[in-house]
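Observations on chain architecture
Each chain is listed here by its residues.
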Amino acid sequence: MDSRGFMWFGTKDGLNRFDGYTFKTFRNDPDDKNTLGSNFISTLYEDDNGILWVGTENGLYRYDWESERFIFLSGIPQQAIESVLKQGKYLWIVSGPALFRYNLTNHSVTSFRDNFTATYVCQSSEGDVWVSTADGYLQRYNQRTNKFTPFRALSNLNNRSVSNWIENISSDGPGRLLVGASNQGVKIFNTITHQSKDLVTRNENGTDIFARNFLRVSADELWIATESGIFIYHDKTQKLVNLRKQYNNPYSLADNAVYTLFKDNEGGIWAGTYFGGVNYYQPRYTFFEKFFPRIGENSISGNAVREICRDYDGNLWIGTEDAGLNKFNIKTKRFINYRPGDGRSGIANTNLHGLLITGNELWIGTFEHGLDVMDLHTERVIRHYNAGSGPHQLKSNFIFCMFKTRAGDILVGTPTGLYKYNKPDDDFMLLPHMPASAFITALMQDSKGTLWSGTFRNGIYYLNADGSSGSITRLLNVDMTKVRITNIFEDSDNRMWFATESGLFRYDHQTKKVKQYTLNDGLPSNLIYSILEDARKQLWISTSKGLVNFDLATEKIRVYTKANGLLTDQFNYNSAYKDETGRMFFGCVKGMICFNPDGFITNTGAPPIYITGFQVNNRELAVAQNGSPLKRSILVTRKIVLNYKSSSFSIDFSALSYNSPGTLEYAYRMDGLDNQWTYIKTNRKVYFTELPAGVYTFRVKAANSSGIWNNKEARLIIKILPPFWKSNTAYLVYTLLLMTAVIVLINRYNRKLRAKHRRQMEIFENEKEREIYEAKIEFFTNVAHEIRTPLTLIKGPMEKVMKKAVEVPDIEKNLRIIDRNTGRLLALTNQLLDFRKTEAKGFSLNFVNVDIPELLTDIYTRFQLAAEHRNLNYQLLIPETGLQAYVDPEGFTKIITNLLDNAIKYSDSRVEVELMRVANDHETFTIEVRNDGKAMPPELGNKIFEPFFRVNEHGSQPGTGIGLSISKSLAELHKGRLELVGYVNRFTIFALTLPVHQLIEFNLSGKWKKY
């Protein structure tokens, strides 16, 4: 055992570290120089600095706790290391046949190989270094002279037939060395007188003893490991006890070849054997004495122990269900077995259930073989009762239980009711207070004289001392007629206890108060067998899963199992007995146990607890390897950092107690996740799945085998890093992005706000411009109205004057100029009025059926003179097929007139008007007006239709700039469109597209119809 509390075992197949539950094995790896040089471990030694030295067949190694690696001690031959000892700054090493001294300060090595053949090295209580040799001598080192002085330790040095090999030497107090030889046994060497004396040299059969190791257990007790088992020597009595392998006893040594002994911190003794592995003995807390069948030896005869009772001579009579009857002499610890056909007892069956001592007779109830009565003096059956049909005969041969009342009445419980033995007539009477069909399973009489009977699925019956009777069919919510009553007991406070297959019930017969105890209250099982009470008012309760200690005052429950030294956890029905000394006997399915509760020792030791394993995604973390978060051994790690992918992990822990590790209890909590302690009894591994990023502290503590908690916890800080997108850097980036987004949104909002404001200003300005525009138009319209009337009045007389002025040429010429300008001014006035109508949506159209080619030809003809005047190639292109469409003739004429007027005005040499071919099913028709000349800039395609807009290049031509605007408005009133197609093949093309039909149409007669 090392200073931390771990047990280490060296084997031929590696080094093993044991924590009470599991082994961690260290082996040689040829590819890793930090492992052991050999799997054969020859010696283990821990120095005063807590450094573990491991001797192998291939040299000596130092164990590094933090990295869990092994460091080779160079300078020492790579041979089998037999012994290691640290004294001050020196390390004494027996390597092969030689002794070496290693200086731990300057790493120098001194060899003593030429002096003698060394076998072992030790330090006496006086501080001297002693070395044993292969020729039977002990060598004492003189530090002043740096030399050894030899002393003879074995007495047969001159007998060549006897080996003088000394296997082991050990200090045994002032002036004493224990010497273990290969075939001369054990010697005690006096370091003062330099004399040896025999302690034990031969076995009982006269063979030599090969002594291998020593262990001083106490001042009076010395354990010696030999090839003949373990010898225990008591100094006071000078007596020896030889412990050997017993083939019928699984609790004995597993092998007689014992190589090493060790005593741990709890007083437990470990024995390493050659073939039987490691054996462990714990004397301090071994409470239970075991009795079980052992073939060829005196022992109890059966496994399934049932009834236990005591006769007046102090002998125990034990009935079994598989091997008959046993008589046990408590003083001599010997058994006498009785079976059917043994020629002396005459018992009817091996399967026994009820036993009862009455006077000098033992009543023996069997399974389906009736009732035997044995004379205890002759130990022979003197009477036998079988079931019969008579009124005073038993009705079943299955005798389940028997009881003798304080009045001396013998009661017999069977599957067919409860019977009372009638001694004068030597027969049986069925008791009337219970039904004849009741299966009687338990009988007892309380302190008030009330007789209690438990049944199998018939409830509980009682017969008071005054003759009154009753039954209990329900306790709390449990129907007693559906369960088996296995035992009835009265405690020292006169409270009744009912053991059932549904738990334990406490019952107050006076107040009728009931309390139930089950698995939920800490019982290991709901199947209760028997109950006893000790002197400390504690109940001992046998169950199907262990023995329960129940404190009546505190109701604290403690469970003893096989881990505490029981034969088995499975006990048996009606199998419990307490003698006058307080000793208790319980039968189970593998024999019988005996113990005295007063002899129980409370384990006050607080075992250290360690975190022993850490797995991520079910894989153990490697120590100090690339990519592993575990930089040091988990035993010494205080903090571990995991990435988010490792947030699912498990943790192993162990309290280093070896006497009953299965009885230890643990409690753990994960600070940062759960602030409550979680208590566990059997599991030593806890799992955590997908923990959020953060810092946690895992804490674990343990209670020893007596339930005493150690407040010293093992702790591990666990930091789980978030994924990058949840890291602080990421959140900083997110914050910056969010702030940027907010700034962008604010800027965008401000831009939208400014744009909205601009739009509102533009709307406001447009409305103002519109108002100004409307005012201008209104002004022009009023002026036009005022001008048109005088112009009309002027034009009439002017025409008359012109007719009379033909005779005067000079006057006619001037008058024609006046007439032409008057007409142009009148036309301009009419255009202004028409434009006002279209702007005010007051220009109403009447859609009538018109011959489009005919109307188009008429308009075309009007402009022939103007075209000829400018020498233009003027053409009208009309398809052969006619076209009838519903248009407003006046509005249509105005559109074409304005287009032709502009085409002739701005053309260089050619003007074309073309009615495009229309299919029969087509809903619209198109007229294109084309003229050559200077191209219209593309960006002015829409502006030319705005009122009063004129292209600068055409500013020399007369015009108002409202003709195209009026035409476009009229086209839209026709539900059509007027558009500038563009400059194609050196022609500027305007296209007028109108629907063939309108929503409201007029026929020639003036009537209208809805299309």
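Quick caveat, the model's predicted, so the values are computed rather than measured. (Residues numbered from 1 in each chain as written. Predicted model: local features only at pLDDT ≥ 70, side-chain atom pairs only at ≥ 80, totals over all residues. Heavy atoms only, no water.)

1. Quick look at the UniProt feature "transmembrane region" (unreviewed entry) in the protein chain
Quick note on the threshold: UniProt positions are given in the numbering used here, feature names are shortened, and annotations may be inferred rather than shown by experiment. A run of H or I in DSSP becomes a helix once it reaches four residues, and a run of E becomes a strand once it reaches two; helices and strands are each numbered from the N terminus.
Under the feature "transmembrane region" (unreviewed entry), the UniProt entry names residues 731–749. As annotated, residues 731–749 has a helix share of 100% and a strand share of 0%, and its two end C-alpha atoms lie 26 Å apart.

2. Describing the nonpolar core
Generally speaking, soluble globular proteins have nonpolar side chains that are buried together. Rule in force here: Take the buried residues of types Ala, Val, Leu, Ile, Met, Phe, Trp, Tyr and Cys, join any two whose side-chain atoms come within 4.5 Å, and each joined set is a nonpolar core. The buried label applies to any residue whose accessible area, calculated with a 1.4 Å probe on protein chains only, is under 20% of its type's maximum; exposed applies above 50%, and partly exposed to all values in between. Residues count as neighbours in contact if any of their non-hydrogen atoms are within 4.5 Å of one another.
In this structure, Ile 852, Phe 892, Leu 900, Phe 925 and Ile 927 are the most contacted members of the largest nonpolar core, which totals 43 residues. Listing elements by their share of this core, those giving two or more residues are helix H3 (852–862), strand E68 (884–887), helix H5 (889–906), strand E69 (910–915), strand E70 (924–931), helix H6 (963–973), strand E71 (977–984) and strand E72 (987–995). For this core, the element with the most residues is H5, which contributes seven residues. Ignoring sequence-local partners within four residues, the contact set of Ile 852 consists of Leu 883, Ala 885, Val 887, Phe 892, Leu 915, Phe 925 and Ile 927. Counting residues in each nonpolar core, the second largest holds 30 residues, with Leu 621, Tyr 666, Leu 691 and Ala 702 among its members.

3. Points about the sheet that holds strand E36 (residues 401–404)
The condition is simple: Strands were regarded as paired on the criterion that DSSP finds at least two bridges between them. Between N-to-C directions, angles cover 0 to 180 degrees, with each direction set by a line fitted to C-alpha atoms, over the stretch in contact for helices.
Reading across the sheet, the four strands line up as E36-E37-E38-E39 and stay open at both edges, with antiparallel pairing between neighbours. Sheet topology places E36 and strand E39 (427–430) at the edges, where each strand pairs with a single neighbour. The mean inter-strand angle of the sheet, taken between neighbouring strand axes irrespective of direction, is 30 degrees. Two elements, E36 and strand E37 (residues 410–414), share four bridges in a ladder whose sense is antiparallel. Bridge pairing in E37 places Cys 401 opposite Gly 413.

4. Side note on the pattern of salt bridges
Applied cut-off: Each salt bridge in this description consists of a side-chain nitrogen of Lys or Arg and a carboxyl oxygen of Asp or Glu lying within 4 Å of one another.
Scanning the model with the defined rule gives 40 salt bridges in all. In this structure, Arg 583 and Asp 579 form a salt bridge, with 3.2 Å as the shortest nitrogen-oxygen distance. For Arg 910, the salt bridge is made with Glu 912, and the minimal N-O distance between the two is 2.6 Å. Judged by its relative accessible area of 29%, Arg 910 is partly exposed. Through salt bridges with shared partners, a single network forms among Arg 669, Asp 671, Arg 699, Glu 713 and Arg 715.

5. Notes on the pairing of strand E10 (residues 98–103)
Among the six residues in E10, six count as buried, and that is most of the element. Where burial is concerned, the two faces of E10 agree: the one with Ala 98, Phe 100 and Tyr 102 and the one with Leu 99, Arg 101 and Asn 103 are both buried. Here six bridges tie strand E9 (residues 90–95) to E10, and the two strands are oriented antiparallel to one another. Each bridged residue has a counterpart across the sheet, and for Ile 93 the counterpart in E10 is Phe 100. In the sheet, E10 pairs with strand E11 (residues 109–111) via three bridges, with the strands oriented antiparallel. Bridge pairing in E11 places Arg 101 opposite Thr 110.

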